[in-house]
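Overview (structure and organization)
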Amino acid sequence: MYMQLYFLILLSIALLFFGVSSLRSDSKSKTNRYFLLFILSVIIWIFSNYLSNTISIYWIALISNRLIFFSTTLLSWILFLFASVYPNSNKLFKKIYYILSGIFTLVVLIIDLTPYVVESISIESGYSSIVFGLGVSIYVLHFIFFFFLFIYLLIKKYKKAVGLEKVQLQYLLLGIVLTALGAGATNLILPVVFKIFSLSNYGPVFLIIFVGFTFTSIVRHRFLGIRFLLGRIIFFSVVSIFSLVSFFLLAFLATKVFGGVFETNTILATFAIAPIYAWGYLKFSSYIQKLIEERVVYTNIHPTEILSKFLRATSTQLDMDKIAVYVINTVRKYLNLEKVGIILFEKDSSKVIYKRLLNFKLEGVRDLLQVIQYWKDIGEDPILVLEEAKKIQAKNLKDPKKRLERVIKCMEDEGISAIFPLNRKVQLNGIIVVGKKKNSDPFSVEDMNFLEDIIANASVAMGRAILYKEVESFNSVLKIKVAEQTKDLKEKVTQLNEARRKEHDMIDIMGHELRTPMTIIRNYQEILNNYFEKEGLYKGRKWSKKSKEYMDIIEENIDREIALINVLLSATKLDDGKLVLNKEGVNISDVIQDGILGHEVDVKEKGLYIKFNQSDEEKVLPQVFADRVRIQEVVDNLLGNAVKYTNEGGIDINVIPNEKYMKIEIVDTGIGIPPQEIKHIGKKFYRSNQYISGKDNSMPLVRPGGTGLGLFVTFGLIKAHGGEVEVKSKLGKGSTFSFTIPLFKKEHEHNLHTVKDDNGDMFKRLGLKRK
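The structure presented is a predicted model; accordingly, all values stated were derived computationally and were not measured.

1. Observations regarding unusual backbone geometry
One non-glycine residue with positive phi stands out, namely Asn336, at about 60 degrees. Inspection of the secondary structure assignment puts Asn336 in the loop between helix H11 (320-335) and strand E3 (340-345). Of note in the backbone geometry, Asn359 takes a positive phi value of approximately 65 degrees without being a glycine. Mapped onto the elements of the fold, Asn359 is located in the loop between strand E4 (352-358) and helix H12 (365-368). Asn359 gets classed as exposed once you look at its relative accessible area, which sits at 54%.

Here it is in structure tokens:
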């Protein structure tokens, strides 16, 4: 008895929760108020029914029986009131009819509490027997009148309802049917047919179905389709029955075959039966689900098939118009729509960049695009359904700038039922708008899920198409720009090369023009110096020692300037590829010996040694194929650098011949080169340690002395001969400069003294005349 009481208490709490929750969702709604009153009357009926069958005290049992009639009278009248305002709170009747119905109900309620309905009772085992009074016919008349009026109003409203209201009524009617089936089974079929009375007190539990469906229809704005919901109910019912029958069948077999459910043999057998049952259950549930979807839920075409076709059609499509047509046709066909439209716009300006419409005019696009700003204001972009938007607007939530009001007005004027945002994760700004269904049904939850799947894939396809179009446009523009810039660049390169050629030619002319007077000055200096020595002017005079020093300085600087001019001319010729090489067979030993002799004085002054490491077997070395003057210039320059940067120790010269080349190494014990600068050695105008710090950490200054052209010319001459250069160095330990020169072969005899073309007379080329 107590378990039944606890169960009814929990049931009442659940029912009360539904009633209070609906009232809190909108306390001004008459529908919600009547729904709460209905639940309160049901709770009174539940407990009065329970007490009438469990209490043995006469007067309490009598009052409980009278409360049953009182509560059901109140319940039937509240159902009438509820049906008159459900689902939109609009009254169907004039006020006088409500007053008259209230007076009639009040009279019946008073009669219900008197002996005119329940005259007396007799308490028997498990229930109380009632002796009815004369007024029971008034109760029956009232109950039947208002209950059938309740059903009549719902059916009448359902026939006229469209859209969301129609689905709400479907939910309510489905709840009534399911509740009637459950209550009829426990309170009519089982007691009358099978003589089972113990379950009659559990009949009220089926009211939770009616209340749950009604609560959902009141509170929710978006519903599962009624077909989908019926399919779910049928599926779970069939699967539940299958499981129940399987359980009792297996229990029966276990008892008959093994003697009981918990016998050892039964437990062992279940290990073999369980996998078979699980396999059979999965197969059966999968078959039932597929059958229900085909026969009940998706009678025309399954959304999975449509989505699959859509993906195949758009997965490789790059044409925006074709993708838009696929989207519109798919959505229109599946949802049975008349109007569908796609609008794309710029992110910042909201300017429309693409529009594809079916049966839409959309003259108020500017107002419609206020939805974009509205989504930004609320910080999200949910699907906007017209009915839901109106309810949000009525509550004045999250729309201080009245953007939603303008959007709703535009949706009503243009016949738009819903607005869907395109997926912004693919950098696509736009919306899809849809009109009403042809049968005026509202959009269900599964409709929205289908549309979201289509839109998610359409967003990717459209984003890809836009990107492809942008890339194509960019490529076209890029080709034009590249062609223009290439043409301009070619002209500039031509002009630059011409200017560079003229510059080099001018340097060549200036070098030759400067070298001639310098050579004359040097010749006269030598003549003058020889005359002074011959006449003895450097002896026996006070200024003779100083005069000799001055004369030597003049000679030294003249030689330096001539060498500088020669280096500059060589660098220019290397740059222009006009270097003249008179190649022949050259004895490299003579070249090295001449180089050592040329630097002998400088080596002695610094206290260094210079050694040509040549074994007796290497005394007769093969000749190299080179320009004798130029290869001497290479050796002299490398030896000069080695002497210049060596303060202790000396210079070793090694010669290593092989089949094709002669390798010459010049190894010094000088100051070395920093590792980070080795890769720059030999570049034009580059000098190691090129800058020195200014005073007081000011801007660094260029280190005086040298042009950075010596090694550039040296390396260039080596490469012009077909050789290679290698530099190794360690700071504080010295450097090794090695280079290769091709050996002289018989086939070189045909190319002796070949001179590279010098492109004619530079004076003539520049339009100049010699004087």
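2. Some details on the sheet that holds strand E15 (residues 725-730)
Spatially, E9-E11-E12-E16-E15 is the arrangement adopted by the 5 strands of the open sheet, whose pairing is mixed. Where the open sheet ends on each side, the last strands, each with one partner, are strand E9 (609-613) and E15. Shown here is a sheet whose adjacent strand axes are inclined to one another by a mean of 15 degrees, direction ignored. Of the pairings in the sheet, the one linking E9 to strand E11 (residues 650-657) comprises 5 bridges and is parallel in character. Pairing of Asn613 across the sheet is with Asn654, part of E11. Packed onto the sheet, helix H18 (residues 588-598) meets E9, E11 and strand E12 (661-668) and runs at close to 175 degrees relative to E9.

3. Considerations on the sheet that holds strand E7 (residues 430-434)
An order of E4-E3-E7-E6-E5 is seen for the 5 strands of this open sheet, with the pairing classed as antiparallel. Edge positions in the open sheet fall to E4 and strand E5 (384-385), since each of these has one partner strand only. Two strands pair when backbone bridges link them, and strand E6 (residues 418-421) and E7 are joined in this way by 4 bridges, in the antiparallel orientation. Counted as the bridge partner of Ile419 is Val433 from E7. H11 contacts E3, E4 and E7 of the sheet and is inclined by roughly 40 degrees relative to E4.

4. Quick word on H11
Taking 1.5 Å of rise per residue, the 16 residues of H11 would be expected to cover 22 Å, and the 23 Å separating its terminal C-alpha atoms lies within 8% of that figure. Within H11 the residues assigned to the buried category are Met320, Ile323, Ala324, Val327, Ile328, Thr330, Val331, Tyr334 and Leu335. In an axial view of H11, the angular spread of the buried residues amounts to 165 degrees, which keeps them on one side of the axis. For H11, the capping residue at the N-terminal end is Asp319, with a side-chain oxygen 3.0 Å from the backbone nitrogen of Asp321.

5. Some thoughts on the pairing of E3
Burial runs high along E3: 6 of the 6 residues are buried. Side chains of E3 alternate between two faces, with Val340, Ile342 and Leu344 and Gly341, Ile343 and Phe345 buried alike. Of the strand pairs in this sheet, E3 and E4 are connected by 6 bridges, and their pairing is antiparallel. The residue bridging Ile342 from the neighbouring strand is Arg356, located in E4.

6. Quick notes on the environment of Val385
Along the chain, the position of Val385 falls in strand E5. By relative accessible area, Val385 is classed as buried at 7%. Each C-alpha atom of the pair Val385 and Val434 lies 9.8 Å from the other, and the pair is 49 residues apart in sequence.

7. Some points on the packing of aromatic side chains
The way to describe two aromatic rings as a pair is by their centre distance and the angle between their planes. Taken as a whole and judged by the stated rule, the model has 22 aromatic pairs. An angle of 35 degrees between the planes, with centres 4.0 Å apart, marks the rings of Tyr334 and Phe450 as tilted. Residue Tyr334 is found in helix H11, and its partner Phe450 is found in helix H16 (residues 445-535); the two are separated by 116 residues along the sequence. Taken together, the ring pairs connect Phe69, Phe132, Tyr139, Phe143, Phe147, Phe148 and Phe150 into an aromatic cluster.

8. Notes on the environment of Arg366
Assignment of secondary structure puts Arg366 in helix H12. Distance in space between the C-alpha atoms of Arg366 and Ser350 is 8.7 Å, their sequence separation being 16 residues.

9. Concerning the packing of helix H2 (residues 30-54) against helix H7 (residues 207-219)
One can describe the packing of H2 onto H7 by two numbers: an axis separation of 11 Å at closest approach and a directional angle of 170 degrees. The angle between H2 and H7 places the two elements in the roughly antiparallel class. Residues Thr31, Asn32, Phe35, Phe38, Ile39, Val42 and Trp45 of H2 form the contact with H7, whose participating residues are Leu207, Phe210, Val211, Thr214, Phe215 and Ile218. When the residues that make up the contact of H2 with H7 are grouped by side-chain class, the tally is 10 nonpolar, 3 polar and no charged.

10. Side note on the pattern of salt bridges
Within this structure, the stated rule accounts for 9 salt bridges. In this structure, Asp321 engages Arg356 in a salt bridge whose closest nitrogen and oxygen atoms are separated by 3.8 Å. One end of the pair, Asp321, is in helix H11; the other, Arg356, is in strand E4, and 35 residues separate them in sequence. Taking the relative accessible area as the measure of exposure, Asp321 reaches 35% and is therefore partly exposed. Residue class for Arg356 comes out partly exposed when judged on its relative accessible area of 32%. Across the pair Arg628 and Asp594 runs a salt bridge whose closest N-O atoms are separated by 2.8 Å. Taken as a pair, Arg628 in helix H20 (residues 628-644) and Asp594 in helix H18 lie far apart in primary sequence, 34 residues in all. Judged by relative accessible area, which is 39%, Asp594 ranks as partly exposed.

Rules of the game
Each chain has its residues counted from 1, running along the sequence as written. Where totals are concerned, whole chains, interfaces and linings use all residues; where local detail is concerned, this predicted model gives features only for residues with pLDDT of at least 70, and gives and counts side-chain atom pairs only at 80 or more. Hydrogens are left out, water is left out, and the side-chain values use all remaining heavy atoms of the structure. The helix count covers DSSP runs of H or I at least four residues long, the strand count covers runs of E at least two residues long, and both are numbered beginning at the N terminus. When accessible area is computed with a 1.4 Å probe and restricted to protein chains, residues below 20% of their type maximum are described as buried, those above 50% as exposed, and intermediate ones as partly exposed. Pairing between strands is defined by DSSP: at least two bridges between them are needed. Comment: axis = line fitted to C-alpha atoms, over the contacting stretch for helices; angle = value between 0 and 180 degrees taken between N-to-C directions. Whether two residues are in contact is decided by their heavy atoms, any of which lying within 4.5 Å being enough. To estimate how far a helix should reach, multiply one less than its number of residues by 1.5 Å. The arc in question is formed by the directions pointing from the helix axis toward the C-beta atoms. Pairs of N or O atoms within 3.5 Å make up the polar contacts considered here, provided that, within protein, one atom can donate a hydrogen while the other can accept it, and that residues adjacent in sequence are counted only when both atoms are side-chain atoms. Note on aromatic pairs: the rings of Phe, Tyr and Trp (six-membered ring only in Trp) are paired at centre separations within 6.5 Å, and the planes decide the class, stacked below 30 degrees, edge-to-face beyond 60, tilted for the rest. Oblique is the label for every angle not falling under 35 degrees (roughly parallel), over 145 degrees (roughly antiparallel), or within 65 to 115 degrees (roughly perpendicular). Note on residue categories: nonpolar means Ala, Val, Leu, Ile, Met, Phe, Trp, Tyr, Cys or Pro, charged means Asp, Glu, Lys or Arg, and polar means any other residue, Gly included. In the sections that follow, a salt bridge refers to a side-chain nitrogen of Lys or Arg positioned within 4 Å of a carboxyl oxygen of Asp or Glu.

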